[in-house]
Amino acid sequence: MLRFLLRRTLGAALILLLISAFTFFMFFAIPQDPAMLACGKNCTPDALDIIHKNLGLDDPVPVQYWNFLVGIFAGRDFAVGHCDAPCFGVSFSTQEMVWDTIVDRFPLTLSLTVGGLIVFLFVGLGTGLLAAAKRGTWLDKGASSVSLVLSSMQIYFLGPVVLGAFVYDTGWLDKPKYVPFSENLGEWFMGLLIPWLVMSVIFTANYTRMSRSTMIEQLQEEHVRAARAKGMRKNYVFFRYAWRGSLIPIVTILGMDISALLGGGMVTELTFGLSGIGRLAIDSVLNKDLPLTMGVMLVSAAFIIALNIIVDALYAVIDPRVRLS
């Protein structure tokens, strides 16, 4: 298992290195001097020279890339001051350190993504397993029908509808907002409850249908039927033999859905006016704030890769054959 995780970690480091190289050299592929983007509308030649000097833009591009990589692990000295590791440079639009800005926004995105993940896994898998156990009943038909309808919903449509119904009309729920987990647990939970539910609706519907179908397939397997024939209790066979087998294809799909989950979080932030990494990414692109864009891309990629490694480890636990391949 340790070798399996080590291989995955080394592969993740290589992917991040390639992404950093791609984003950095794309930075210089833009037909515009990066210093002009930082200088603004009232730029003068003297101001442009100062920015070139302050940001180290006079060095050859490979040297700048090397300094960028070193800065991530060891920090970096600019003419305007020292940037502690991990250093992603200085934002063109705010003149603040990129890493500090990302750290300020990341807790919201982490809360939103992980909370949404827990909601749709718990509700989706639970409903799917229940529908499979009650196959052919009104409960099964109702769950299948509702999941089919909900899978066609979109966050930007469902979000305003839920806000209107449960916040502005009835006042049953709080308007979405972010309060740090460490400051007030209750306000943190209630402030993100609607975004979690809305964001997880589509995933919940898909995982309900998927877990139902895979569970029904597992219940028809020979080893499951043999266990039932030996007189083992129905619930024991259901969870001991069938459930574990049904999780393998679900975990595989979950690994591929991780990036979609982060994309859904970005749309959710925009829908509910929350200021996380998703909104920061969009603002940085609109402002042509390239250091901030690069920082957000690398941190987002690292976040997705970390979640994928966790999913891979979970997959290896469920199916030991993965560790041997």
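Now for a quick tour of the structure. (Residues numbered from 1 in each chain as written. Predicted model: local features only at pLDDT ≥ 70, side-chain atom pairs only at ≥ 80, totals over all residues. Heavy atoms only, no water.)

Details of the overall build of the protein
Operational definition: Helix and strand definitions follow DSSP, with helices as H or I runs of at least four residues and strands as E runs of at least two, each counted in order from the N terminus. With a 1.4 Å probe rolled over the protein chains alone, any residue whose accessible area is under 20% of its type maximum counts as buried; one over 50% counts as exposed, and the rest are partly exposed. For accessible areas, the Shrake-Rupley method is used with a probe of radius 1.4 Å. Any residue's cover is judged against the shown protein chains and nothing else. Here the positive residues are Lys and Arg and the negative ones are Asp and Glu; neither His nor the chain ends is included. To locate a charge, take NZ of a lysine, CZ of an arginine, CG of an aspartate or CD of a glutamate.
The helix and strand inventory of the protein stands at 13 helices and 2 strands. On the principal axes, the C-alpha backbone points of the protein span a range of 85 × 55 × 35 Å. When burial is assessed residue by residue, the protein has 43% of its 325 residues classed as buried. As presented, the protein carries roughly 17800 Å² of accessible surface, and 65% of it is formed by carbon and sulfur atoms. Taking the 25 positively charged and 24 negatively charged side chains of the protein as two groups, their mean positions are separated by 19 Å.

With respect to the packing of aromatic side chains
Spelled out, the test is: Pairing of aromatic rings covers Phe, Tyr and Trp, the last counted by its six-membered ring, and requires centre-to-centre distances within 6.5 Å; plane angles under 30 degrees mean stacked, over 60 mean edge-to-face, and any other angle means tilted.
Counted according to the given criterion, the structure contains 15 aromatic pairs. Here phenylalanine 88 and tryptophan 99 contribute two aromatic rings whose centre-to-centre distance is 5.7 Å and whose plane-to-plane angle is 25°, an arrangement assigned as stacked. Pair noted here: phenylalanine 88 is in the loop between strand E2 (81-83) and helix H5 (98-133) and tryptophan 99 is in helix H5, with a separation of 11 residues, a long-range link. Exposure remark for phenylalanine 88: the relative accessible area of 9% places this residue in the buried category.

Focus on the state of the cysteines
Rules: A pair of sulfur atoms, both from cysteines and within 2.5 Å, is called a disulfide here.
Scanning all chains against the criterion turns up 1 disulfide. Shown here is the disulfide that connects cysteine 83 with cysteine 87, its sulfur atoms set 2.2 Å apart. Handedness of the cysteine 83-cysteine 87 disulfide follows from its S-S torsion of about 115°: it is right-handed.

Details of unusual backbone geometry
With omega at -5°, the peptide bond leading from alanine 85 into proline 86 counts as cis. Although it is not a glycine, glutamine 95 adopts a positive phi angle of roughly 65°. Of the residues examined, glutamine 95 reaches a relative accessible area of 54% and is grouped as exposed.

Considerations on the pattern of salt bridges
Pairing of side chains with opposite charge becomes possible as their charged atoms draw close. Quick reminder of the rule: A carboxyl oxygen of Asp or Glu within 4 Å of a side-chain nitrogen of Lys or Arg is what we treat as a salt bridge.
As enumerated under the stated definition, the model contains 2 salt bridges in all. A salt bridge links arginine 212 to aspartate 140; the shortest N-O distance between them is 2.6 Å. With a gap of 72 residues between them, arginine 212 in helix H8 (residues 185-219) and aspartate 140 in helix H6 (residues 138-150) connect regions that are remote in the sequence. Note on arginine 212: relative accessible area 22%, which makes it partly exposed. For aspartate 140, a relative accessible area of 3% corresponds to the buried category. The salt bridge partner of arginine 225 is glutamate 222, with a shortest N-O separation of 4.0 Å. On the criterion of helical spacing, the pair formed by arginine 225 and glutamate 222 is a turn pair, its members being 3 residues apart in helix H9 (residues 222-229).

So, the environment of phenylalanine 239
Examined against the element boundaries, phenylalanine 239 turns out to sit in helix H10 (residues 234-272). Sequence-wise, phenylalanine 239 and threonine 101 are 138 residues apart; in three dimensions their C-alpha atoms are separated by 46 Å.

Quick notes on the side chain of threonine 268
What counts, and what does not: In protein, a polar contact requires one atom able to donate a hydrogen and another able to accept it; more generally it is a pair of N or O atoms within 3.5 Å, and residues adjacent in sequence count only if both atoms are side-chain atoms. Contact definition: two residues touch when any of their heavy atoms are within 4.5 Å.
One can find threonine 268 in helix H10. On the accessibility criterion, threonine 268 (0% relative accessible area) is buried. A distance of 2.6 Å separates a polar side-chain atom of threonine 268 from the backbone oxygen of glycine 264. Aside from chain neighbours lying at most four places away, what touches threonine 268 is Leu112, Ile155, Pro195 and Met199.

Details of the packing of H5 against helix H12 (residues 290-318)
Going by this rule: Every axis corresponds to a line fitted to the C-alpha atoms, with the helix fit spanning only the stretch in contact, and the corresponding angles, defined between N-to-C directions, vary from 0 to 180 degrees. Under this scheme an angle from 65 to 115 degrees is roughly perpendicular, one under 35 degrees roughly parallel, and one over 145 degrees roughly antiparallel; angles in between are oblique. Left-handed describes a crossing whose near helix is turned anticlockwise from the far helix through less than a right angle; right-handed describes the clockwise counterpart. Residues are grouped as follows: Ala, Val, Leu, Ile, Met, Phe, Trp, Tyr, Cys and Pro are nonpolar; Asp, Glu, Lys and Arg are charged; every other residue, Gly included, is polar.
Where H5 contacts H12, the axes come no closer than 11 Å and their chain directions differ by 40°. Classified by the angle between their axes, H5 and H12 sit oblique to one another. For the pair H5 and H12, the crossing hand works out as right-handed. Residues Val98, Trp99, Thr101, Ile102, Phe106, Leu110 and Thr113 of H5 form the contact with H12, whose participating residues are Pro291, Leu292, Gly295, Val296, Val299 and Phe303. Considering only residue class, the contact of H5 with H12 consists of 10 nonpolar, 3 polar and no charged.

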